[in-house]
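Observations on the model geometry
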Amino acid sequence: MYNKLQYISQGETIEEQLRNIHQALDAGCEWVQMRFKNQTTQNRLTLAEAVKLLCDEYHIKFIVNDDLYLAKQIEADGVHLGLTDTKIDEARAILGAKKIIGGTANTFEDIQNHVKNGCDYIGLGPFRFTATKEKLSPILGLSGYFDILQRLKKDKIEVPVYAIGGITLRDVNPLMETGIHGIAVSGIITESDEKEKLIQQLNEKLYANVII
């Protein structure tokens, strides 16, 4: 089963990205999604090759955001696709059966479609407003997650669902109670002065199996 904590990389330059990713790995993060928007193909390739080496060194999962062909080229562990990116089934045909393919979702119907097309996990959000992402989908909040997870349970659709979007440490327990598998975060880790302590606290909550 997948780790419950995924770090989505941040940084405007290759150097910033690498520094942030390296610090997250040093602090105990075990799954990185490289997100490097509005960049040249060469910059994305340069960063991806460096991150792949880092993640191999730390023996952790490394997936690429959006760029299916880059993920294939550098032999990343997989790719995460947004709602307007390549379709899940097309990506599967290109990457093969063993690679991880994650898909962004905002509704129950999005998840249904992704699972039908062979998606491995879902990034469901946004939980609340986040400045990290442009063109934000409608905010879900706790009630949105609860409603969607209940419908998945009712229809016996089993797929790991990750909450995403402006999540803080105090949000983790109530979010886990909705039935999600884990969380995908960026700013909370990037901006922390005590990354190791934070990741430890996040993991304690994520793996506590809190049910109230």
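Numbering of residues begins from 1 in every chain and follows the order in which that chain's sequence is written. This being a predicted model, a pLDDT of at least 70 is required before a residue's local features are given, and a value of 80 or more before pairs of side-chain atoms are given or counted; all residues contribute to the totals for chains, interfaces and linings. Processing note: side-chain calculations cover all non-hydrogen atoms of the structure and skip hydrogens and water entirely.

**What to know about the nonpolar core**
- Think of a nonpolar core as a cluster: buried Ala, Val, Leu, Ile, Met, Phe, Trp, Tyr and Cys residues, connected wherever their side-chain atoms sit within 4.5 Å. Any residue under 20% of the maximum accessible area for its type is buried, any over 50% is exposed, and the rest in between are partly exposed; the area is computed with a 1.4 Å probe on protein chains only. Formed by 59 residues in total, the largest nonpolar core has its most connected members in Leu124, Ile180 and Ile183.
- Tallying contributions element by element places helix α2 (residues 41-58) first for this core, with 6 residues.
- Aside from chain neighbours lying at most four places away, what touches Ile183 is Lys4, Leu5, Gln6, Tyr162, Ala163, Ile167, Val172, Leu202 and Leu206.
- Listed in part, the 6 residues of the second largest apolar core include Tyr2, Trp31, Tyr121 and Tyr162. Helix and strand definitions follow DSSP, with helices as H or I runs of at least four residues and strands as E runs of at least two, each counted in order from the N terminus. Should any heavy atoms of two residues lie within 4.5 Å, those residues are considered in contact.

**Thoughts on unusual backbone geometry**
- Looking along the chain, the bond that leaves Gly125 and enters Pro126 is cis, with omega of 5 degrees.
- Structurally, the position occupied by Pro126 is in the loop between β6 (121-124) and α6 (141-154).
- Of note, the phi angle at Asn38 is positive, near 55 degrees, even though the residue is not glycine.
- Assignment of secondary structure puts Asn38 in the loop between β2 (31-34) and α2.
- Asn38 gets classed as exposed once you look at its relative accessible area, which sits at 72%.
- Backbone geometry at Asp66 places phi at a positive 70 degrees, although glycine is not the residue there.
- Along the chain, Asp66 falls in the loop between β3 (61-65) and α3 (68-73).

**Remarks on the sheet that holds β2**
- In this analysis, strands are considered paired if DSSP registers two or more bridges between them. Read once around its circumference, the closed barrel built from 8 strands follows the order β1-β2-β3-β4-β5-β6-β7-β8, with strand pairing classed as parallel. The average undirected angle you get between the axes of adjacent strands in this sheet is 25 degrees.
- Relative to β2, strand β1 (residues 5-8) runs parallel, the two being bridged by 2 bridges. By the bridge assignment, Ile8 is partnered in β2 with Gln33. Only the stretch in contact is used when a helix axis is fitted, and all axes are lines through C-alpha atoms; the angle between N-to-C directions ranges over 0 to 180 degrees.

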